[in-house]
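# Topology and contacts: notes
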Amino acid sequence: MVGVAGKSKACNTCRKRKVACDLQRPQCSQCIKSNRVCTGYQRKRIFIFHQGTQETHYETSINGPGASTTPVSRSTTSPYQESNITFFSTHTRGRRSSPRTRNQISTLESNRSLLHVTYRKQLFNAYLRSHIPPSQLQSLGTPWLALIPELASPTEALETSTLALATSKLGRLNNDPILTRESLRLYTSALRQLQKALWDPGLMYRDETLAACMALAMYEMMECPSGDKSGYMSHCNGLGTLVRLRGPEAHIGGLGHHVFLAFRVHATLQDMHHHSPSYISSSTWTSIPWINIPKTEFDQFFDLFVRGPATFQAVDRLDGAEPLEKLRIALSIVHSCWELDADLATFYEQFEKSSLGPLYWPEFAKPRIYRKGQRDTDNDYADDDDDDDDAWNNISLFPISLHFPNLGTARTIILYWATLTMLWSGLYQLYGLIYALKETIIDPNSNNEHEREDHNTNTPPTSAANSNTNDTDTNNLTFLITHLPPLDHRRDFASMARNVCQSVEYCMQEEMLGLGPIILPAPLGIVIDTMKGYESFAREVRWARKVMRRISEGGLRILE
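Residues numbered from 1 in each chain as written. Predicted model: local features only at pLDDT ≥ 70, side-chain atom pairs only at ≥ 80, totals over all residues. Heavy atoms only, no water.

As recorded by an unreviewed UniProt entry, the protein carries the name Zn(2)-C6 fungal-type domain-containing protein and is attributed to Byssochlamys spectabilis.

### Looking at the packing of helix H6 (residues 177-199) against helix H7 (residues 207-223)
Packed helices, taken two at a time, are described by the angle between their axes plus the distance between the axes. With their axes 10 Å apart at the nearest point, H6 and H7 run at an angle of 145° to one another. Here H6 and H7 pass one another in a crossing that is left-handed. Every residue of H7 that contacts H6 at Thr 180, Ser 183, Leu 184, Tyr 187, Ala 190, Leu 191, Leu 194, Ala 197 and Leu 198 is listed here: Thr 209, Ala 212, Cys 213, Leu 216, Tyr 219, Glu 220 and Glu 223. The residue inventory of the contact of H6 with H7, partitioned by class, reads 11 nonpolar, three polar and two charged. (Axes fitted to C-alpha atoms, helices over the stretch in contact; angles between N-to-C directions. Helix = DSSP H or I, 4+ residues; strand = E, 2+ residues; numbered from the N terminus. Left-handed = near helix turned anticlockwise from the far one by under 90°. Contact = heavy atoms within 4.5 Å. Nonpolar A, V, L, I, M, F, W, Y, C, P; charged D, E, K, R; others polar.)

### Examining the packing of helix H9 (residues 254-274) against helix H10 (residues 297-305)
Put simply, H9 and H10 touch, their axes get as near as 11 Å, and they point 25° apart. With respect to their mutual orientation, H9 and H10 come out roughly parallel. Pair H9 / H10 crosses with left-handed handedness. Contact with H9, carried on its side by Leu 261, Arg 264, Val 265, Thr 268, Leu 269 and Met 272, involves Phe 298, Asp 299, Phe 302, Asp 303 and Phe 305 of H10 and no other residues of that element. When the residues that make up the contact of H9 with H10 are grouped by side-chain class, the tally is seven nonpolar, one polar and three charged. (Parallel < 35°, antiparallel > 145°, perpendicular 65-115°, else oblique.)

### Quick notes on the UniProt feature "domain: Zn(2)-C6 fungal-type" (unreviewed entry) in the protein
In the UniProt entry, the feature "domain: Zn(2)-C6 fungal-type" (unreviewed entry) is given for residues 10-39. The span residues 10-39 is 37% helix and 0% strand, and its two end C-alpha atoms sit 11 Å from each other. (UniProt positions renumbered as here; feature names shortened; annotations may be inferred.)

### Description of the nonpolar core
Judged by nonpolar contacts, the single largest core of 128 residues is most densely connected at Trp 144 and Leu 407. If you tally residues by element for this core, the top one is helix H14 (residues 407-441), at 17 residues. Residues lining this core come from more than one domain, with at least three contributed by each of domain 2 (110-280) and domain 3 (295-369 + 397-443 + 480-559). The next biggest cluster of nonpolar side chains, apart from the first, holds eight residues, and it includes Cys 21, Cys 28, Cys 31 and Tyr 41. (Core = buried A, V, L, I, M, F, W, Y, C linked by side-chain atoms within 4.5 Å. Buried < 20%, exposed > 50% of the residue type's maximum accessible area, 1.4 Å probe, protein only. Domains from an automatic or database assignment.)

### Notes on the packing of aromatic side chains
A full pass over the atoms with the stated rule returns 21 aromatic pairs. Summarising the aromatic geometry, the rings of Tyr 187 and Tyr 219 are spaced 4.5 Å apart at their centres and angled 15° between planes, so their arrangement reads as stacked. Of this pair, Tyr 187 sits in helix H6 while Tyr 219 sits in helix H7, placing them 32 residues apart in sequence. Tyr 187 sits in the buried class, given a relative accessible area of 5%. Relative to Phe 351, the ring of Phe 347 has its centre 5.7 Å away and its plane inclined at 40°; by these criteria the two rings are tilted. With a gap of four residues between them, Phe 347 and Phe 351 both fall in helix H12 (residues 323-354), about one helical turn apart. (Phe/Tyr/Trp six-rings, centres within 6.5 Å; stacked < 30°, edge-to-face > 60°.)

### Some words on the pattern of salt bridges
Across all of its chains, the model carries 12 salt bridges by this definition. In this structure, the salt-bridge partner of Lys 353 is Glu 349, at a minimum N-O distance of 3.5 Å. Of this pair, Lys 353 and Glu 349 are both found in helix H12, four residues apart, which corresponds to roughly one turn of the helix. Take Lys 353: its relative accessible area is 66%, and that puts it in the exposed class. In this structure Glu 349 comes out as partly exposed when scored by relative accessible area, which is 41%. Between Arg 498 and Glu 540 there is a salt bridge, and its shortest N-O distance comes to 3.5 Å. With a gap of 42 residues between them, Arg 498 in helix H17 (residues 493-502) and Glu 540 in helix H21 (residues 538-553) connect regions that are remote in the sequence. Take Arg 498: its relative accessible area is 29%, and that puts it in the partly exposed class. Overlapping salt bridges bring together Arg 264, Lys 295 and Asp 303 as one network. (Salt bridge = Lys/Arg side-chain N within 4 Å of Asp/Glu carboxyl O.)

### Digging into the environment of Cys 213
Checked against the element boundaries, Cys 213 lands in helix H7. Sequence separation between Cys 213 and Cys 236 is 23 residues; the distance between their C-alpha atoms is 8.4 Å.

### Description of the environment of Ile 132
Secondary-structure assignment places Ile 132 in the loop between helix H3 (102-131) and helix H4 (137-140). Spatially, the C-alpha atoms of Ile 132 and Ala 146 are 8.7 Å apart, while their sequence positions differ by 14 residues.

### Quick notes on the UniProt feature "transmembrane region" (unreviewed entry) in the protein
In the UniProt entry, the feature "transmembrane region" (unreviewed entry) is given for residues 414-437. Structurally, residues 414-437 comprises 100% helix and 0% strand, and the distance from its first C-alpha atom to its last is 35 Å.

### Details of unusual backbone geometry
The phi angle at Asn 35 is positive, at roughly 60°, despite the residue not being glycine. Residue position: Asn 35 is located in the loop between helix H2 (29-33) and strand E1 (45-49). Taking relative accessible area as the criterion, Asn 35 reaches 71% and is therefore assigned exposed. Backbone geometry at Leu 513 places phi at a positive 50°, although glycine is not the residue there. With respect to the helices and strands, Leu 513 occurs in the loop between helix H18 (504-507) and helix H19 (515-518). For Leu 513, a relative accessible area of 24% translates into the label partly exposed.

### Remarks on helix H5 (residues 156-173)
The end-to-end C-alpha distance of H5 is 25 Å, a good match for the 26 Å that 18 residues give at a rise of 1.5 Å each. Counting buried residues along H5, 15 of its 18 residues qualify, which places the element largely inside the surrounding structure. With its phi angle positive at about 55°, Asn 175 sits one or two positions after the end of H5. (Expected span 1.5 Å × (residues − 1).)

### Some details on the side chain of Ser 401
With respect to the helices and strands, Ser 401 occurs in strand E6 (residues 400-403). A polar contact of 3.3 Å, which involves the side chain of Ser 401, links it to the side chain of Glu 505. (Polar contact = N/O pair within 3.5 Å; in protein donor to acceptor, adjacent residues only side chain to side chain.)

### Digging into the state of the cysteines
This model, assessed by the stated rule, comprises zero disulfides. Note on Cys 14: no disulfide assigned, nearest cysteine sulfur contributed by Cys 11 at a separation of 3.5 Å. (Disulfide = S-S within 2.5 Å.)

### Brief notes about the environment of Cys 11
Summarising the element assignment, Cys 11 is placed in the segment before helix H1 (12-17). Considering only alpha carbons, one finds Cys 11 and Cys 21, 10 residues apart in sequence, at a separation of 6.9 Å. Excluding its chain neighbours within four sequence positions, the residues that come into contact with Cys 11 are Cys 21, Cys 28, Cys 31, Cys 38, Gly 40, Tyr 41 and Arg 43.

### A word on H9
Spanning 21 residues, H9 covers 31 Å between terminal C-alpha atoms, matching the ideal 30 Å at 1.5 Å per step. With 15 of 21 residues buried, H9 is to be regarded as a mostly interior element. Phi turns positive, to about 55°, at His 275, one or two residues after H9.

Structure, rendered in structure tokens:
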């Protein structure tokens, strides 16, 4: 409607330009002719999370450790049904009795912008309170998500993507499907906004655009709207390209640095899965981003963890190799594995010395009481093969659980144990392969070998030079094999896997909110993949898979 304030049906671009719009969809011809991006007809809306009509619980302030504990509310009904979600349109609806002056319109626009930022912060802070345990902020450093509310004017892509993330979490937390569907609408809108930012040279390399990519990847992990990992993988690939184009110098501080820390974990786990190292493991990318910021213990450990994909790539070369070449490759891999083992031992020793107390300690696992008839859906510790009585009387597969001084230490040590599980198991298997190849290639029965040569008239004679070369190679390989270090305690790699499993109870405590369970899938996945081939560890593997299902049901649906 022309001339009526707030009632224009034109697209947002024509409305902003104050020109006539022909209302064509999906793009108006006015924008097409003027070579402009038609931003559509939907008016921007924002919403806030009200604290009314709710039950009260106690929660520590997000400001950090030592803050006072105050009552906070959590909604138990649909925010839409109880008017807990209030939408605010960016334009007014209804007529005014008197026309606005230019100063009044300017003031209203300014107030609208201020309210927009306020409501966004209120909603996102509700998400942070439900996701990040305030008492653990010091040990975890500053998560990049905690920096978002401090941004005075975030880009539309970042604003929409983080709102999608927040509404998804709050919708699942309050069991509200309407809010969850709203998060999907916001996610779709954020994809369009991100595409525009990536086309804009002035926005492409900004920290906010990188953070928007990470927020959308996290949304895919939580909701998995496509039903598979393709969306998450696409966002990870896009993040990898954007980070590489920005260069390491763009991640030395601020929001960009903290998003890079989170991306490095995602990228390295993807590299491990594909058995292919990427630029993220190069010395440039493990040093420059920390020029102005000292590395935490987790950063120091992860500098060692990023060497894993190259080792897996070398292991893949064993397939299809000739026996002698396979023996050389296996010995080379063993050498690199022993170097990594020594570096990991040095790291742990330094970590232990820098800690004010023990890095972990054992405690009796908390008893679990279940209603009669409650089976494996709730009892994560019951075994698939247990009968009814065993499931009813079952306590915990691990009567002792391991606890840590804080979640930051737990994240580092649990992944350290998972890495040792993978490393020591690999050494154990490589030693078996090396000794089997040695018996076949280097120590065959010499008499039988001569008999085979006499009977094989089609075999050409071997020259003396080739024979001497082969003898030299054989002697070198024999020397390397005889000087292999003993495995000793590394044969018991199952103990490291059990340490990972015994740490689950600590991370799944209620006070760890959403951040505690998130650190478990990576180490538990390593344990499952490494130990699933050992029959003696079958029960623990089934138990670990049930824990993964529980984490998936708690809001990490990509694990499904």
